[in-house]
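Here is how the chains run, residue by residue.
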Amino acid sequence: MTIFYQDHSKVLVSVDCIIFGFDEGQLRILVGKRQMDPGRGEWSLYGGFVNADEGIDEAANRVILELTGLRNLYIRQVGAFGSVDRDPGERVISIAYYALINVKDYDKSLQEQHGVEWINIEEMPKLFSDHDDMVRRALKMMRQKISCEPIGFNLLPSLFTLTQLQKLYEAVMGEEVDKRNFRKRIKDMDFIEKTELIDKESSKRGAFLYRFNRRAYRDDPYFKL
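What counts and how
- Residues numbered from 1 in each chain as written.
- Predicted model: local features only at pLDDT ≥ 70, side-chain atom pairs only at ≥ 80, totals over all residues.
- Heavy atoms only, no water.
- Buried < 20%, exposed > 50% of the residue type's maximum accessible area, 1.4 Å probe, protein only.
- Helix = DSSP H or I, 4+ residues; strand = E, 2+ residues; numbered from the N terminus.
- Pairing = 2+ DSSP bridges.
- Patch = residues over 30% accessible without salt bridge, like charges linked within 9 Å, V, L, I, M, F, W, Y side chains within 5 Å.
- Areas by Shrake-Rupley, 256 points an atom, 1.4 Å probe, with all protein chains shown as cover.
- Salt bridge = Lys/Arg side-chain N within 4 Å of Asp/Glu carboxyl O.
- Phe/Tyr/Trp six-rings, centres within 6.5 Å; stacked < 30°, edge-to-face > 60°.
- Lys NZ or Arg CZ within 6 Å of the ring centre and 35° of its normal.
- Expected span 1.5 Å × (residues − 1).
- Arc of directions from axis to C-beta.

Observations regarding the pairing of strand β1 (residues 12-23)
Next up, step 1: The buried fraction of β1 amounts to 10 of the 12 residues, a majority that puts the element mostly inside the structure.
Next up, step 2: When β1 meets strand β6 (residues 92-100), the two strands line up parallel, connected through nine bridges. Within β6, the residue paired with Leu 12 across the bridge is Val 92.
Next up, step 3: The sheet contact formed by β1 and strand β4 (residues 46-49) spans four bridges and is antiparallel. Looking across to β4, one finds that Ser 14 is bridged to Phe 49.

Following this line, the structure appears as structure tokens:
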């Protein structure tokens, strides 16, 4: 323990994680009831305190791995939330992060273990403290990002139909997309490849399956990560 900064009060630092998923044409978020005071029983994001031996990014990755069991996810920092009265239990500054996952990859046993549920973003209940603000800011960031970068593929299976892709964009943006213009734009993107495989589960007539070619995207001078 150092002797520095003895005249200054200490504050706690935490991370709160916003996990977005896409299922049945709906953008969903992973939330659960708090199992600790203050706010026990209130709907909340999943988070944790930053340990003394880790950085905030490390803490966020640790918490997300604990919650989802998944590695190498698309994760971005949303920002810091530090209102003096944001946590009635103690002075806590929280750094929010959002992650995108394919719901089908998520182990349901972990969902039960942590007591969390997938909830439609449009039906999200009131969350603990300033977690609503965190979600709103994360959603705004994601909408800005998805309009210029193909981050939406992190929410889809490796093979998908154009209808699934369109519904994803509509769910994230919160508005309908013109089908003809959308498909015309998709055809101009070399990094979205049409396969010879047919999806017969979601379409009676059958629909071609597509995939995202990450290498082609990286080589495309018009689009940059």
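Quick word on a nonpolar patch on the surface
Next up, step 1: Taken together, the side chains of Ile 3, Phe 4 and Tyr 5 define a hydrophobic patch exposed on the protein surface, amounting to about 440 Å² of accessible area.
Next up, step 2: Among the structural elements, Tyr 5 can be located in the segment before β1.

Quick word on the packing of aromatic side chains
Next up, step 1: Going through the model one piece at a time under the given rule, you end up with eight aromatic pairs.
Next up, step 2: Between Phe 191 and Phe 212, the aromatic rings sit 5.9 Å apart at their centres with planes inclined by 85°, giving edge-to-face as the arrangement. Taken together, the residues Phe 191 in the loop between α5 (179-187) and β8 (192-199) and Phe 212 in strand β9 (residues 207-212) connect sequence positions 21 residues apart. With respect to burial, Phe 191 and Phe 212 carry one shared label: buried.
Next up, step 3: Put simply, the rings of Phe 153, Phe 160, Phe 191 and Phe 212 pair up and form one aromatic cluster.
Next up, step 4: Here Arg 34 stacks its cationic end above the ring of Phe 128, 3.9 Å away from the centre of that ring.
Next up, step 5: Over the aromatic face of Phe 208 sits the side chain of Lys 194, whose NZ or CZ is 4.0 Å from the ring centroid.

Section: the side chain of Asp 130
Next up, step 1: Here Asp 130 shows up in the loop between β7 (116-120) and α3 (131-146).
Next up, step 2: Given a relative accessible area of 10%, Asp 130 falls into the buried group.

A word on α3
Every α-helical turn comprises 3.6 residues, leaving residues that sit three or four positions apart pointing alike.
Next up, step 1: Between the first and last C-alpha of α3 there are 22 Å, a value that for 16 residues agrees with the 22 Å anticipated at 1.5 Å per step.
Next up, step 2: Here α3 has its buried residues at His 131, Asp 132, Met 134, Val 135, Ala 138, Leu 139, Met 142 and Ile 146. An end-on view of α3 places all buried positions within 155° of arc, on one side of the element. Residues of α3 that are exposed and point over 90 degrees away from its buried face: Arg 136 and Lys 140.

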